[in-house]
Amino acid sequence: MCNEMNAPVLLDAVNFKLNLKATIYRKHPVDNNVVLQVAVCSDGFAGIADMDVSEDNLKLFVKQIHTMNKNAKGSAELKETYGKNYISMEMDKTGHVIVRGYLRANSNELSFSNKFEIQYLDMLDKELANPDAWQEVV
């Protein structure tokens, strides 16, 4: 299943993959104008779910990832305003990134926690800096 995800791979850290595809609806004046398809593969367990988030919160998450990468400390979190789906990343004292999250689609749930080395955060930061590769504005 990890190789069958439709969203672009933004992070491939050996035993953890994160794919994101954002569809931003700017013509609709609603708070949560982004449908973010999130696909995760963590130690062989995988899940795909859509998160309804605001464009501002998505931009903040990207900025937090960039700051974590630049300073080798800090955290980043993206969660739904009204749902339970979320992704969080936090730098630990040894230079590893702890990633946690929860995805729910229909009656299926995936709660995950994993750890990867800081050089993979650099890869994610560079991928997120190229929004044309993973965002679509409609």
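Details of the structure are given in the entry above.
This section reports on the structure supplied with the text. (Residues numbered from 1 in each chain as written. Predicted model: local features only at pLDDT ≥ 70, side-chain atom pairs only at ≥ 80, totals over all residues. Heavy atoms only, no water.)

Reading across the sheet, the 4 strands line up as β5-β6-β7-β8 and stay open at both edges, with antiparallel pairing between neighbours. Strand pairing shows two members of the sheet lacking a second neighbour, β5 (75–79) and β8 (108–117), which therefore form its edges. For this sheet the average axis-to-axis angle between neighbouring strands, irrespective of direction, equals 5°. Pairing between β5 and strand β6 (residues 86–91): 5 bridges, direction antiparallel. Among the inter-strand pairings, Glu77 is bridged to a residue of β6, identified as Ser88. (Pairing = 2+ DSSP bridges. Helix = DSSP H or I, 4+ residues; strand = E, 2+ residues; numbered from the N terminus. Axes fitted to C-alpha atoms, helices over the stretch in contact; angles between N-to-C directions.)

In a soluble, globular protein the nonpolar side chains are often hidden away together inside. Membership of the largest hydrophobic core comes to 36 residues, with the highest contact counts inside it found for Leu36, Met89 and Phe116. Sequence-distant contacts of Phe116, that is, excluding residues within four places in its chain, are made with Leu11, Ala13, Phe16, Met89, His96, Val97, Val99 and Leu121. (Core = buried A, V, L, I, M, F, W, Y, C linked by side-chain atoms within 4.5 Å. Buried < 20%, exposed > 50% of the residue type's maximum accessible area, 1.4 Å probe, protein only. Contact = heavy atoms within 4.5 Å.)

So, on to the pairing of β8. Examined bridge by bridge, strand β7 (residues 96–105) and β8 share 10 bridges and lie antiparallel to one another. Counted as the bridge partner of Leu103 is Leu110 from β8. Counting the residues that bridge the hairpin from β7 to β8 gives 2 residues, and of these Asn106 lies at a positive phi of roughly 60°.

So, about the pattern of salt bridges. Summed over the entire model, instances satisfying the criterion amount to 4 salt bridges. Taking the shortest distance from any N to any O, the salt bridge between Glu55 and Arg26 comes out at 2.5 Å. Residue Glu55 is located in helix α1 (residues 55–71), and its partner Arg26 is located in the loop between β2 (16–24) and β3 (34–42); the two are separated by 29 residues in the primary sequence. For Glu55, a relative accessible area of 12% gives the class buried. Across the salt bridge formed by Lys59 and Glu55, the nearest N and O atoms sit 3.8 Å from each other. (Salt bridge = Lys/Arg side-chain N within 4 Å of Asp/Glu carboxyl O.)

Here we take up unusual backbone geometry. One non-glycine residue, Val14, adopts positive backbone phi at about 65°. Within the secondary structure layout, Val14 lies in the loop between β1 (9–12) and β2. Despite not being glycine, Asn106 has its phi angle at roughly 60°, a positive value. Position of Asn106 relative to the elements: it lies in the loop between β7 and β8.

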